[in-house]
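Results of the structural survey
Listed here are the chains, written in short residue letters.
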Amino acid sequence: MSETDRQPTEEVRQPDPPLPEESGLTLEEYLAMQQAIGHPTRFRILRTLVANEELSAADLKTAVDVESHNFHYHLDELVDVGLVDKRQRRTADSQGFYTYYRPTAMGWGILEHGVEELMRREREFNDAYS
């Protein structure tokens, strides 16, 4: 009997909807965040912001050591999906505004409960069985 001739014995279960009806974000918005954090440069940018809470664009660029054109592209991607907040601030000793970046609550959450949680579990596993 071939695989196509088999009759299913049970109905295939469908998963529950991924979001509550009154969700503040759409599934596409959540997936865009996940896709954004999946790039190594954006991951490093967000981790650096979480470690520092807020940085100027110049300090952040220096910390992650990325070429200018790539840096701003990836930083804008994180801002666009809502993982990083951008604000301009005037400093007391200047005439102009400086741009500062900080992680949003979603930015903190996607790191803490996403990729970094998996990495923590791997470290714990290695510690327990090494």
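Residues numbered from 1 in each chain as written. Predicted model: local features only at pLDDT ≥ 70, side-chain atom pairs only at ≥ 80, totals over all residues. Heavy atoms only, no water.

As for the environment of Val64
Positionally, Val64 belongs in helix α3 (residues 57–64). Judged by relative accessible area, which is 4%, Val64 ranks as buried. When the C-alpha positions of Val64 and Thr41 are compared, they lie 8.0 Å apart, and in sequence the two are 23 residues distant. Discounting residues that sit within four places of it in the chain, Val64 has contacts with Arg44, Ile45, Thr48 and Phe71. (Helix = DSSP H or I, 4+ residues; strand = E, 2+ residues; numbered from the N terminus. Buried < 20%, exposed > 50% of the residue type's maximum accessible area, 1.4 Å probe, protein only. Contact = heavy atoms within 4.5 Å.)

Side note on the confidence of the model for the protein chain
A residue-level look at the protein chain finds 91% of positions with pLDDT of 70 or above and a mean pLDDT of 88. Mean pLDDT across the secondary structure elements of the protein chain bottoms out at helix α5 (residues 105–129), with 84, and peaks at helix α2 (residues 40–52), with 96. (pLDDT = per-residue confidence, 0-100.)

With respect to the sheet that holds strand β2 (residues 84–90)
Ordered by their spatial adjacency, 3 strands build an open sheet running β1-β3-β2, and the pairing between neighbours is antiparallel. Here the strands that pair on one side only, and so sit at the sheet edges, are β1 (55–56) and β2. Here β1 pairs with strand β3 (residues 97–103) via 2 bridges, running antiparallel. The residue bridging Ser56 from the neighbouring strand is Tyr100, located in β3. (Pairing = 2+ DSSP bridges.)

A few points about the pairing of β3
Pairing analysis gives 7 bridges linking β2 to β3, with the strands arranged antiparallel. By the bridge assignment, Arg89 is partnered in β3 with Tyr98.

Some remarks on unusual backbone geometry
For Glu53, which is not glycine, the phi torsion reads 70° and is therefore positive. One can find Glu53 in the loop between α2 and β1. Of note, the phi angle at Asp65 is positive, near 50°, even though the residue is not glycine. Relative to the elements of secondary structure, Asp65 occurs in the loop between α3 and α4 (68–81).

Concerning the nonpolar core
The biggest cluster of nonpolar side chains holds 22 residues, and the ones touching the most others in it are Ile45, Leu46, Leu60 and Leu83. Of all elements in the fold, only α1 (27–37), α2, α3, α4 and α5 reach the threshold of two or more residues within this core. The biggest single contributor to this core is α2, with 5 residues. When near neighbours in sequence (up to four residues on either side) are disregarded, Leu83 contacts Met33, Ala36, Leu46, Leu78, Pro103, Thr104, Met106, Gly107 and Ile110. (Core = buried A, V, L, I, M, F, W, Y, C linked by side-chain atoms within 4.5 Å.)

Description of the packing of α2 against α4
In the contact formed by α2 and α4, the axes pass within 9 Å of each other and the chain directions differ by 70°. Accordingly, the angle class assigned to the pair α2 and α4 is roughly perpendicular. Facing α2, whose interface residues are Thr41, Arg42, Ile45 and Leu46, α4 presents Phe71, Tyr73, His74, Leu75, Glu77 and Leu78. Looking at side-chain class alone, the contact of α2 with α4 contains 6 nonpolar, 2 polar and 2 charged residues. (Axes fitted to C-alpha atoms, helices over the stretch in contact; angles between N-to-C directions. Parallel < 35°, antiparallel > 145°, perpendicular 65-115°, else oblique. Nonpolar A, V, L, I, M, F, W, Y, C, P; charged D, E, K, R; others polar.)

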